[in-house]
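Given next are the chains, with one letter for each unit.
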Amino acid sequence: MPAEILDGRALARRTRKDVRVRAKRFKRKHGRAPGLDVVLVGDDPASQVYVGAKERMAGKCHIEGRVHRLPVETPMDALLALIATLNADENVDGILVQLPLPSHLDEGVVVDAIDPRKDVDGLHPVNAGALVVGRSGLTPCTPTGCMRFLEDIEYDLSGKRALVVGRSILVGKPVALMLLAKNATVSIAHSRTKDLESRVRESDVIVAAVGRPELIQGAWLKEGAVVIDVGINRLEPKEGEAPGTLVGDVDFAEAQERAGYITPVPGGVGPMTIAILLENTVLAAERRNP
Ligand code: NAP
């Protein structure tokens, strides 16, 4: 039987609906909407698209989205001064510095400067540490979104073998910790992992966050496995194909024949990332203003 497709657009819609209700309640109680401030340095086209989408979606969810567009040559002290101002502003609940930053700016220093209570990207070491020790911080958006698919199908992770392919700070490591917190037996694969195929074969759940088009073959999957595909890869167009087709890290057509559940690309994890960013903003607002 072909896999059930986990519809990220529908799940994101439901998530945003809940965010809207909470944001409206916050506004009634505190006389202002939750505020999300996004800092964009430079004119990277992909970043401009992401930031535009965040601003639009915030507006739809009764969140006050503000974008601070800074020139590419912005020096570190000016960026840190802006972050300090946003940290001190009571009307700012969430701060997101769009990554990647231009190469003269140290991303670690910038992320460290954000008030952890406003760090809606969940990347500050205080929030990363909270995840490690099992305390409630703000969790990174994409991994949280991945977990929501499993919660939505009421998948019991206890004792299941989960494989995370990729170990980035943004996706792989945090999602591995989240799976572990739900009592899965977790393995993390990366570029030095030997025999990825065998690791995939023995896993009940696969989270692929690599950035290599269709690296994971459908035939490798255990029958009935749950596949969460984070990868977003733009293919070189083949003859007759629409330019720039997006594919994930898993060969979707093949995988669909063996998996129990699978997220598509596009329309899977992607839409959930922004929905969780908005949810984190409302959560940060509620926590700072109980
Ligand atoms: P990243 O920082 O480049 O990390 C990629 C990871 O994959 C690294 O840990 C790397 O291993 C590992 N890797 C590379 N080649 C491998 C191979 N052949 N076998 C096994 N592991 C391999 O990327 P990222 O930021 O985590 O993003 C991963 C993908 O998710 C990208 O396609 C990105 O566009 C996508 N993404 C999507 C969303 C969304 O909202 N849907 C959000 C974030 C990212 P090493 O550590 O050994 O180098």
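Note that the structure is predicted; figures quoted are calculated from it, not measured. (Residues numbered from 1 in each chain as written. Predicted model: local features only at pLDDT ≥ 70, side-chain atom pairs only at ≥ 80, totals over all residues. Heavy atoms only, no water.)

Student: Could you clarify how one ought to interpret the overall build of the chain in this entry?
Tutor: A tally of helices and strands in the chain yields 10 helices and 11 strands. Taking 19 Å as the expected radius of gyration for a compact globule of 290 residues, we find that the chain reaches 19 Å, a close match to that expectation. Based on the C-alpha atoms only, the size of the chain along its principal axes is roughly 55 × 40 × 35 Å. Burial status across the chain gives 48% buried among its 290 residues. Across the chain, contacts joining residues at least 24 apart in sequence account for 70% of those joining residues at least 6 apart. Counting only carbon and sulfur atoms, one obtains 53% of the accessible surface of the chain, whose full area is about 14,100 Å². (Helix = DSSP H or I, 4+ residues; strand = E, 2+ residues; numbered from the N terminus. Rg over C-alpha atoms; globule rule 2.2 N^0.38 Å. Buried < 20%, exposed > 50% of the residue type's maximum accessible area, 1.4 Å probe, protein only. Contact = heavy atoms within 4.5 Å. Areas by Shrake-Rupley, 256 points an atom, 1.4 Å probe, with all protein chains shown as cover.)

Student: How should I be thinking about the pairing of strand β2 (residues 35-41) in this particular structure?
Tutor: The side chains of a regular strand alternate, residue by residue, between the two faces of the sheet. Taking burial as the measure, the 7 residues of β2 include 7 buried ones, the bulk of the element. Going residue by residue along β2, you find Gly-35, Asp-37, Val-39 and Val-41 tucked away on one face and Leu-36, Val-38 and Leu-40 tucked away on the opposite face as well. In this view, the connection linking β2 to its parallel neighbour strand β3 (residues 64-70) by way of helix α2 (residues 45-60) has right-handed handedness. Here β2 pairs with strand β4 (residues 94-97) via 4 bridges, running parallel. Across the sheet, Val-39 pairs through a bridge with Val-97, a residue of β4. (Right-handed = clockwise from strand over helix to strand, strands pointing away. Pairing = 2+ DSSP bridges.)

Student: Teacher, can you tell me more about the packing of helix α1 (residues 8-30) against helix α10 (residues 269-288) here?
Tutor: What describes two packed helices is the angle between their axes and the distance between those same axes. Running from N to C, α1 and α10 cross one another at 20 degrees; their axes reach a closest spacing of 9 Å. Classified by the interaxial angle, the pair formed by α1 and α10 is roughly parallel. Between α1 and α10 the crossing geometry is left-handed. Contact residues: Gly-8, Arg-9, Leu-11, Ala-12, Thr-15, Arg-16, Val-19, Arg-22, Ala-23 and Phe-26 in α1; Pro-271, Met-272, Ala-275, Ile-276, Leu-278, Glu-279, Val-282, Leu-283, Ala-285 and Glu-286 in α10. (Axes fitted to C-alpha atoms, helices over the stretch in contact; angles between N-to-C directions. Parallel < 35°, antiparallel > 145°, perpendicular 65-115°, else oblique. Left-handed = near helix turned anticlockwise from the far one by under 90°.)

Student: Got a minute to help me understand the sheet that holds β4 in this structure?
Tutor: What holds strands together in a sheet is hydrogen bonding between their backbones, with the strands either parallel or antiparallel. Taken together, 3 strands build an open sheet; the order of strands is β3-β2-β4 and the sheet is parallel. The two strands at the open ends of the sheet, each matched to only one other strand, are β3 and β4. On average, adjacent strands in this sheet sit at an angle of 15 degrees to one another, irrespective of strand direction. Across the sheet, helix α3 (residues 76-88) touches β2, β3 and β4, and the angle it forms with β2 is around 180 degrees. Contacts from α10 reach β2 and β4, with the element oriented near 125 degrees to β2.

Student: How should I be thinking about the sheet that holds strand β7 (residues 205-208) in this particular structure?
Tutor: Strand order in the open sheet made by the 6 strands is β1-β11-β8-β7-β5-β6, with parallel pairing throughout. At either end of the open sheet lies a strand with only one pairing partner, and these are β1 (4-5) and β6 (185-189). Seen against the sheet, helix α7 (residues 172-181) touches β5 (161-165), β6 and β7 and runs at an angle of roughly 170 degrees to β5.

Student: Whenever I open this one, the pattern of salt bridges confuses me. Can you help?
Tutor: Note that side chains of opposite charge can pair when their charged atoms are close. Summed over the entire model, instances satisfying the criterion amount to 15 salt bridges. With a closest N to O distance of 2.9 Å, Arg-14 and Asp-152 form a salt bridge. In this pair, Arg-14 is assigned in helix α1 and Asp-152 in helix α6 (residues 141-152), connecting sequence segments 138 residues apart. You can call Asp-152 partly exposed: its relative accessible area is 36%. The partner of Arg-161 in a salt bridge is Glu-202, with the nearest N and O atoms 3.8 Å apart. Taken together, the positions of Arg-161 in strand β5 and Glu-202 in the loop between α8 (196-201) and β7 put the pair 41 residues apart, joining distant regions of the chain. (Salt bridge = Lys/Arg side-chain N within 4 Å of Asp/Glu carboxyl O.)

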